[in-house]
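# Topology and contacts: notes
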Number of protein chains: 2
Amino acid sequence: MTRYAAPLKDMLFVMKELADLDTIATLPGFEDAGLDTAQAVLEESAKLCGEVLAPLNVEGDRNPSAWKDGTVTATPGFADAFRQFGEGGWQGVQHPLEYDGQGLPKLVATPCIEMLNASNLSFALCPLLTDGAIEALLTAGTDAQKQIYVPKLVSGEWTGTMNLTEPQAGSDLALVRTRAEPQGDGSFKVFGTKIFITWGEHDMAKNIAHLVLARTPNAPEGVKGISLFLVPKFLVNDDGSLGARNDVHCVSIEHKLGIKASPTAVLQFGDHGGAIGHLVGEENRGLEYMFIMMNAARFAVGMQGVGVSDRAYQKAVEYAKDRVQSRPVDGSAKQSVAIIQHPDVRRMLSTMRSLTEASRALAYVAAAHSDIAHRHPDAATRAEHQAIYEFLVPVVKGWSTELSIDVTSLGVQVHGGMGFIEETGAAQYYRDARILPIYEGTTAIQANDLIGRKTVRDGGAVAKALLADIAQTIEALGPHDALACRSMKRYLEQGRDSLAAVVDFMVANVKRDPNAVFAGSVPYLKLAGIVLGGWQMARALLVAMEKREEDPSFYGAKIATAQFFAEHVLTQASALEASIVTAKGGEGMLGLTEDQF
Amino acid sequence: MTRYAAPLKDMLFVMKELADLDTIATLPGFEDAGLDTAQAVLEESAKLCGEVLAPLNVEGDRNPSAWKDGTVTATPGFADAFRQFGEGGWQGVQHPLEYDGQGLPKLVATPCIEMLNASNLSFALCPLLTDGAIEALLTAGTDAQKQIYVPKLVSGEWTGTMNLTEPQAGSDLALVRTRAEPQGDGSFKVFGTKIFITWGEHDMAKNIAHLVLARTPNAPEGVKGISLFLVPKFLVNDDGSLGARNDVHCVSIEHKLGIKASPTAVLQFGDHGGAIGHLVGEENRGLEYMFIMMNAARFAVGMQGVGVSDRAYQKAVEYAKDRVQSRPVDGSAKQSVAIIQHPDVRRMLSTMRSLTEASRALAYVAAAHSDIAHRHPDAATRAEHQAIYEFLVPVVKGWSTELSIDVTSLGVQVHGGMGFIEETGAAQYYRDARILPIYEGTTAIQANDLIGRKTVRDGGAVAKALLADIAQTIEALGPHDALACRSMKRYLEQGRDSLAAVVDFMVANVKRDPNAVFAGSVPYLKLAGIVLGGWQMARALLVAMEKREEDPSFYGAKIATAQFFAEHVLTQASALEASIVTAKGGEGMLGLTEDQF
């Protein structure tokens, strides 16, 4: 009941046909990263994830990480799996060759990350945070920090964490109180409490590199006075060997709804004289560096959404093919049939599948933009793709994770009463997924980012460029008479129009009526997800129409999935538009006093 | 953190203004059930629920019912609470005076049931199932069965259960295999295994009356060969005293995602010679009687959805007023503010609130129809209201429970990271709610009922009568120029048109293309819920417009909530229409083979 088979064919289809891997493989440094390499990498990744990590997923839920006297013991089997993960080079897929990484495109790393999360969300969080730490050190660390820390993190000998949240400072980092006092020798002593630190303490690696937001004495108030510090669990000598235990201690871990195998630590810094830390980058620029980590992490959390959705889908399909119950409504059989034959079960599975495929496609396409933004020889091209990538990150994060709740909930529903029994396993995905729209920035935070930094700052330029691209796809659907294409054309066009109207509304009203604009923030993010995801489904549909004779089963399913997405998901666009553009009225909920709630 | 305050003012508003309690109190036998009585009953109920049951809710989650050697011990405190519940007469609110009930209208019982469920979903299941057993015995039981069992069930001395499901027979009762062998003395010996039996074994009452579906020898195959049996845990002597332990035993209870305090039993009948049972009603009519229990139970499960939604809303509001984080987006304060000031938090709370209010209003209105159907002196009027009530039951059950998942999920989201920590309590509602769209018939089963028995059988007559009533409300909104009224008029009209189009589609195509019709079943149920719920919000809006000077805070909130529902929920109607009417195409997911999933 714990099987997971990575959907390699679907993944490679998206990489090749939608994210244009061939072009990515022409970028400097990625010349060896064509389809054959990608396929080989994905196949190996699928093996590790399917054979080693997926079976540990249930075990992690039943036998979570455990805290005792300041130390945390991971679920049995996790440490060994993490060793295999490190030895296989999987932490380094997208990191530079010079630090022992594999130097592969983000487009190739992304399906690997999806598999990792589909197989074991709790496990995957440790590499996810470590990726963030690597990214921050590569961006802002000193040469010595890079040379000592990054190879150890890439090899899996050490792991990394992100320490932002404090009890009074969640989404609002202006309230961070942890302080760092200079010691005169270039080091600092760090004092404070950090909460919600994922894999903040564990026994899977020899050391943990905590990246910690703190304030130096006399730092400006608010977010402009936050600096980033590297605070290792064990002090590190100049040769990279481990020294004394540092004064950072895990005082407890949380009792959570899901992702129970991943310890969520409360870390106490400096209770015994001060935790020794080193500044990363320049003083007071910590938030900027942390955003680098967070943007990498936000994209990865989006992939968690895609991964857990696919896992829930696979499980539901397996059950629906196996469970026999009731005769078909069309009278085509006198006996009870497998429930996958019942129209509503198909509707549920199709919803799960089409949302998963659309969110996967959008994320992989975003990854390709990131690759071009990093490697293209032309600066203007890099900037253009970077802007698109940055526009897409909050959508990938917010939309993929919000829909993972719906998808995993449908996964339970397909199982009927058995879905509510923990032993079945479907409920774990429903519990695990619930954190995804919260951590690394709630959906509202993503949506605010989408509006503020990504839409109105450039007057809607990037959004409108994407809308123009969508229009081209709509045009390409025109000549096709198949019902799937007609439905897609009709509803993608409506969706595009709705998105265009909302972008205009956001740009026009953000200053005049910010409350009305931000009351529509999450509906806007969802609308963007639906339309941009639907666009990818339309592109997939066009490819499938062209190639359907080559592989009728595979492409036929792609056509049906695209049609379903058009008719059941893209159709929601106009309601979202109305809820944003109409709901700006002053009589509404925004005007109520607190007492009226 | 476990507070629950029944929303008495809201409840009484709905009872008086929307469900027309004054008229119900003119029905024979309900003359004493006017507003004053209702208010007194609701206030007493609110006390018990708020003070006794609500604090036990968390305890039940942390310390679930426990099985040992065939006996089940309820969560500490539950047995005493159940004693108070019985002694207070709460089991009997809607049951006849002649069996020691209070003989009050269903409209008065319904808010009590909502409170019971809001305060403690697990606890409330025991009375819920007992209600079903009472209903079945009153309908089909012998005089002796009624006179011995019903008063004991009404007083809370004994409890009742419904035994339908077997491992191979969930939604599909044709597959029931439990058998009942006549003993020649009028009694039967029952053999078989029943699963998912809520409160199937416990220590809160002296006896348990199991109502069990089983087949007699030579019974016809399928659902036409199922009979209903009364199988008490302890045999009952003619004078009502208890005899020997019967041969029905709880061999295990389930480990569930939620409602952990309510034991979900596997019951083994007849492993030690046969469980003695007595036929209820006529042989082979068991399914018919069970439907009486189930219809009562389905309505009550709908109230579970309303109850848990309101509880989650109350908790989220409390947190949102307390939690200070980030400055307002409109720059109206330099300091961080309570998060209820942030537009997206308001959007979430308003979504929770408006869905809860709409589903509550629809359910109470349905209860009033049931009262008229039972008590009105005119047979034609009774029949008319019975038909409306029966149309509404699957909508109340399906829609209220589906939206309780969304509402409890938003409740977690409002709490941010704290929502994912079990100690906070928000996650329990999310877990508990997940069973509601599954048990007593999944949403698909409700939707099939709504199409088959409630919509197409009468050619859409009841549906069209309701649509005509909605048109009158739309007309009444016409003269009002307030933005809330204009939004409501616009979107209720669109919703009404969508619902009308879908009803026509269902009636026209159910024979020609049953797969296409039933693929739209759940969207149809949701559409019906949105439009019928929106209609109640429109009616509430009209009352609030008229009375707003009397109580500006209360009615102002009603106006804002109705506007929000119109703009954020009713707007979804056209997408649902499209997903039903357009999606009938043959290229879609219905045509795929199993292998293509």
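None of these values were measured; they are calculated from a predicted model. (Residues numbered from 1 in each chain as written. Chains lettered and ligands numbered in written order. Predicted model: local features only at pLDDT ≥ 70, side-chain atom pairs only at ≥ 80, totals over all residues. Heavy atoms only, no water.)

## Remarks on the nonpolar core
Ranked by internal contacts, the top residues of the largest apolar core, which has 394 residues, are Leu349 of chain A together with Leu349 of chain B. Not counting residues up to four positions away in its chain, the partners in contact with Leu349 of chain A are Tyr313, Ala316, Val317, Ala320, Ile340 and Val414 of chain A together with Phe597 of chain B. Membership of the second largest hydrophobic core comes to 16 residues, among which are Ala180, Phe188, Ala214 and Cys250 of chain B. (Core = buried A, V, L, I, M, F, W, Y, C linked by side-chain atoms within 4.5 Å. Buried < 20%, exposed > 50% of the residue type's maximum accessible area, 1.4 Å probe, protein only. Contact = heavy atoms within 4.5 Å.)

## Observations concerning the interface of chain A and chain B
Listed per partner, the contact involves 103 residues of chain A and 103 residues of chain B. Of the roughly 8,100 Å² buried between chain A and chain B, counting both surfaces, carbon and sulfur atoms make up 59%. Linking chain A with chain B are 0 salt bridges, by the criterion used here. Viewed at the interface, chain B and chain A are joined by 45 residue pairs in polar contact (both at pLDDT 80 or more). (Buried area = accessible area lost by both parts, 1.4 Å probe. Salt bridge = Lys/Arg side-chain N within 4 Å of Asp/Glu carboxyl O. Polar contact = N/O pair within 3.5 Å; in protein donor to acceptor, adjacent residues only side chain to side chain.)

## Describing the UniProt feature "domain: Acyl-CoA dehydrogenase/oxidase C-terminal" (unreviewed entry) in chain A
Under the local residue numbering, the UniProt record ascribes the feature "domain: Acyl-CoA dehydrogenase/oxidase C-terminal" (unreviewed entry) to residues 284-450 of chain A. A distance of 25 Å separates the end C-alpha atoms of residues 284-450 of chain A, which is 73% helix and 0% strand. (UniProt positions renumbered as here; feature names shortened; annotations may be inferred. Helix = DSSP H or I, 4+ residues; strand = E, 2+ residues; numbered from the N terminus.)

## A few points about unusual backbone geometry
Within the chain, Asp100 of chain A stands out as a residue other than glycine whose phi angle is a positive 75°. Among the structural elements, Asp100 of chain A can be located in the loop between α4 (78-87) and α5 (106-119). Here Asp100 of chain A falls in the exposed class, since its relative accessible area comes to 56%. Positive phi is not limited to glycine here, since Ser326 of chain B has a value of about 70°.

## Looking at the UniProt feature "domain: Acetyl-CoA dehydrogenase-like C-terminal" (unreviewed entry) in chain A
Taken from the UniProt record, the annotation "domain: Acetyl-CoA dehydrogenase-like C-terminal" (unreviewed entry) applies to residues 466-582 of chain A. Secondary structure across residues 466-582 of chain A divides into 84% helix and 0% strand, with the first and last C-alpha atoms of the span separated by 24 Å.

## Structural notes on the packing of helix α3 (residues 35-62) of chain B against helix α4 (residues 78-87) of chain B
Residue and element names in this part refer to chain B. Between α3 and α4, whose axes approach to 11 Å, the crossing angle comes to 155°. As judged from the angle between their axes, α3 and α4 are roughly antiparallel. When you trace α3 past α4, the crossing you get is left-handed. In contact with Leu48, Val52, Leu53, Leu56 and Gly60 of α3, α4 contributes Phe78, Ala81, Gln84 and Phe85. (Axes fitted to C-alpha atoms, helices over the stretch in contact; angles between N-to-C directions. Parallel < 35°, antiparallel > 145°, perpendicular 65-115°, else oblique. Left-handed = near helix turned anticlockwise from the far one by under 90°.)

## Observations concerning the relation of the copies chain A and chain B
Expressed as a screw transformation, the operator carrying chain A onto chain B has a rotation angle of 180° and an axial translation of 0.0 Å, and the superposed copies differ by an RMSD of 0.0 Å. Considering both components of the superposition, the chain copies are consistent with a two-fold axis. By C-alpha distance to the rotation axis, the residue of chain A lying nearest is Gln572 of chain A, at 3.3 Å. Same-surface contact between copies: 100% of interface residues of chain A are shared with the interface of chain B. (Least-squares fit on C-alpha atoms with pLDDT ≥ 70 in both.)

## So, α4 of chain B
Along an α-helix, residues three or four apart share an orientation, since each turn contains 3.6 residues. All names here are of chain B. Of the positions making up α4, those classed as buried are Phe78, Ala81, Phe82, Phe85 and Gly86. What you see down the axis of α4 is that its buried residues fit within an arc of 140°, all on one side. For α4, the elements touching its buried residues are α3, α5 (106-119), α6 (121-140), α7 (143-155) and β3 (158-163). In the segment just after α4, Gly89 is the residue with positive phi, at about 80°. (Arc of directions from axis to C-beta.)

## Considerations on the packing of aromatic side chains
Overall, the coordinates contain 23 aromatic pairs over all chains when judged by the stated rule. For the pair Phe82 of chain B and Phe85 of chain B, a centre-to-centre distance of 6.0 Å together with 25° between the ring planes defines the contact as stacked. With Phe82 of chain B and Phe85 of chain B both in helix α4 and 3 residues apart, this pair spans about one turn of that helix. Given a relative accessible area of 3%, Phe85 of chain B falls into the buried group. Site record: aromatic cluster; members linked through ring pairs are Phe78, Phe82, Phe85, Phe123 and Trp199 of chain A. Positioned above the aromatic ring of Phe597 of chain B is the side chain of Arg353 of chain A, whose terminal nitrogen or guanidinium carbon lies 5.7 Å from the ring centre. Taking NZ or CZ as reference, Arg245 of chain B lies 5.6 Å from the ring centre of Phe234 of chain B, over its face. (Phe/Tyr/Trp six-rings, centres within 6.5 Å; stacked < 30°, edge-to-face > 60°. Lys NZ or Arg CZ within 6 Å of the ring centre and 35° of its normal.)

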